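Spelled out, the chains give:
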Amino acid sequence: MTRPPRTLVLPPRLTASARTLRAAALRRGLRIVEATASAVPEGLGGPGWAGWAEAAWAAGAAATAEGTGPPSSSASAGEPTGPRGTAGPRGTASTRGEGRSVHLHAGPSFADVVAPALGIALLEAPADWLARLPRALTRREVRAMPIGEAYLLRRPAFVKSPNDKSVSALVYADGSRLPGPDAVDPATVVLVSDVLTFAVEHRLHLLDGTVHAAGQYAEAGRLRLGPPDGDALAFGRDVLAAAGKTLPSAIVVDVGRDDEGRWAVIEANAAWASGCYSADPDRALDTVLRAAGPATDLSPHDRAFVR
């Protein structure tokens, strides 16, 4: 049976990591659809976005079928569309067309609009995953709570959103320094943890219960790329043995070594929104394609981890 052609959708303003993954996808023969700034005049909340996503895919697919663009070509998604996302002379794009495999690599705000329109399931860790890990894996207290409760903190703490950037990941002197209720819904869940500094930090790309790709991304709190450390890989395997069943089949987990030489889980991130840093881009791409692919391809296990 022939596998349907695969497409990778990318947002405007690609990061260096996204460009690296784009190159890996092209080498593999995927077709690339990139949004351009001119494609988003109304912003991500505009009513034409769902139609844009479908039209962009349909236009590229038609070009491939007509022989004007190979499956591995890069198609721009900046061409004007009708008010509801129709594709101009090519007609109206169908919804969730069959015989295709569409994937995505982008930040949460872009992905949340485009993925549903293309039938893409976005995998991520549960919001309280880090807080539920045993202390032996975190080396610190981590709690998941509404930010309204975190306002009562009267000590320094590291606070972040579990799966997006709505609350910046920072050490806050106390709860009064957090974004206020005028900026964030008080019911918004955040992760609150003790402050722990790391001498070195590694990103692990996990796929099907294995450490599929890895690389160092920081040293002493500063960006410093390097090859994966054998101890980091071993710790990643320990994390999978202890908590692998509580994660989707494709995810990114950051781990670090503190000044005392102890390894700890820093956080889990959605692979479809994570940079690959110094990891093998082809293997990192494997995790991205699984983490943001057709909803119809979901395994029973992964259905519990859809964003």
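Each value, and the rule that gives it
Going along each chain's sequence as written, the residues are numbered from 1 onward. Only residues with pLDDT of at least 70 get local features here, since the model is predicted, and only at 80 or more are side-chain atom pairs given and counted; chain-wide, interface and lining totals rely on the full set of residues. The basis for every side-chain value is the complete set of heavy atoms in the structure, and neither hydrogens nor water enter the calculation. Elements are defined by DSSP. Helices are runs of H or I of four residues or more, strands are runs of E of two residues or more, and each kind is numbered from the N terminus. Classification of residues uses two cut-offs on accessible area relative to the type maximum, computed with a 1.4 Å probe and protein chains only: under 20% is buried, over 50% is exposed, and between them is partly exposed. By definition in these notes, contact holds between two residues if any of their heavy atoms fall within 4.5 Å. Method remark: on a 1 Å grid restricted to protein atoms, a set of points is classed as a cavity if a 1.4 Å probe fits but cannot get out and as a pocket if it is open with protein on both sides within 12 Å along at least five of seven lines; lining residues have an atom within 4 Å of a point. Grid points are joined across faces, edges and corners, and a volume is the space filled by probe spheres set on the points. Note that Gly is not counted as nonpolar here; it falls among the polar residues with everything else outside the nonpolar set of Ala, Val, Leu, Ile, Met, Phe, Trp, Tyr, Cys and Pro and the charged set of Asp, Glu, Lys and Arg. A pair of Phe, Tyr and Trp rings is counted when the ring centres sit within 6.5 Å of each other, with Trp represented by its six-membered ring. The angle between the planes then sorts it: under 30 degrees is stacked, over 60 is edge-to-face, the rest tilted. To sit over a ring, a charge needs its Lys NZ or Arg CZ within 6 Å of the ring centre and within 35 degrees of the ring normal. pLDDT is a per-residue confidence score from the predictor, ranging from 0 to 100. To form a nonpolar core, buried Ala, Val, Leu, Ile, Met, Phe, Trp, Tyr and Cys residues must be joined to one another through side-chain atoms within 4.5 Å. In this scheme, strands are said to pair when DSSP sees at least two bridges between them. Interaxial angle, 0 to 180 degrees, is taken between N-to-C directions of lines fitted to C-alpha atoms, where a helix line uses only the stretch in contact.

Help me out: how do you make sense of the overall build of the chain in this one?
Along the backbone of the chain there are 8 helices and 15 strands. Per-residue burial over the chain gives 48% buried out of 307 residues. Residue pairs in contact within the chain that sit at least 24 positions apart in sequence constitute 71% of those at least 6 positions apart.

Looking at this structure, I do not really get unusual backbone geometry. What am I missing?
For residues besides glycine, phi is generally negative; the peptide bonds are generally trans as well. Positive phi outside glycine occurs at alanine 220, with the angle close to 50°. When you line up the elements, alanine 220 lands in the loop between β11 (210–219) and β12 (222–226). We note that tyrosine 277 has phi near 50°; this positive angle belongs to a residue other than glycine. Topologically, tyrosine 277 is positioned in the loop between β14 (263–269) and α8 (281–291).

What is the right way to read empty space enclosed by the protein from this model?
Space left empty within the atom packing is revealed by a probe, the size of a water molecule, rolled over the atoms. A complete count under the given rule lists 3 cavities of 30 Å³ or more for this structure. Approximately 80 Å³ is the volume attributed to the largest cavity. Ala125, Pro126, Ala127, Trp129, Leu130, Lys160, Pro162, Asn163, Leu191, Glu267 and Ala268 are the residues that line the largest cavity. Residue assignment for the lining of the largest cavity shows that the elements contributing at least two residues are α4 (129–132) and β14. Split into classes, the residues belonging to the lining of the largest cavity amount to 8 nonpolar, 1 polar and 2 charged.

Explain the packing of aromatic side chains here, please?
Two numbers describe a pair of aromatic rings. These are the distance of the centres and the angle of the planes. Summed over all chains, the structure comprises 2 aromatic pairs. With 5.1 Å between their ring centres and 15° between their planes, tyrosine 217 and tyrosine 277 make a pair best called stacked. On the criterion of sequence distance, the pair formed by tyrosine 217 in strand β11 and tyrosine 277 in the loop between β14 and α8 is long-range, its members being 60 residues apart. Note on tyrosine 217: relative accessible area 9%, which makes it buried. Stacked on the ring of tyrosine 217, the Lys or Arg arginine 203 has its end atom at 5.6 Å from the ring centre.

Before we go on, may I ask you to explain the confidence of the model for the chain in this structure?
It should be kept in mind that the predicted coordinates are not to be read in detail where pLDDT is low. Residues of the chain with pLDDT of at least 70 account for 78%, and the chain-wide mean is 85. Note on residues 66–73: pLDDT is under 50 here. Beyond four places in sequence and across chains, it has 17 contacts. Every residue in residues 76–97 is under pLDDT 50, and counting partners more than four places away or in other chains gives 39 contacts.

When you look at the nonpolar core in this model, what are you seeing that I'm missing?
General note: in soluble globular proteins, nonpolar side chains tend to be found buried as a group. Ranked by internal contacts, the top residues of the largest apolar core, which has 23 residues, are Trp129, Val253 and Val265. Mapped by element, the contributors of at least two residues to this core are α4, β10 (200–207), α7 (230–243), β13 (250–257) and β14. Examining the composition of this core, we find that 5 residues originate from one element, α7, more than from any other. In contact with valine 265, not counting residues within four places along its chain, are Trp129, Leu130, Leu133, Leu137, Thr138, Arg140, Phe235, Val239, Val253, Asp254 and Val255. Counting 21 residues, the second-largest nonpolar core is a separate cluster that includes Val9, Leu104, Ile120 and Ala250.

What should I look at first to understand the sheet that holds strand β6 (residues 142–146) in this one?
Whenever strands of a sheet pair, they do so through backbone hydrogen bonds, lying parallel or antiparallel. As summarised here, the arrangement of the 4 strands in space is β6-β9-β7-β8, forming an open sheet in which the pairing is antiparallel. Every interior strand has two partners, whereas the edge strands, β6 and β8 (170–172), have only one. For this sheet, the mean angle separating the axes of adjacent strands, direction not counted, is 35°. Strand direction decides the pairing type here: strand β7 (residues 157–160) and β8, joined by 3 bridges, are antiparallel. Within the sheet, the bridge partner assigned to phenylalanine 158 lies in β8 and is valine 171.

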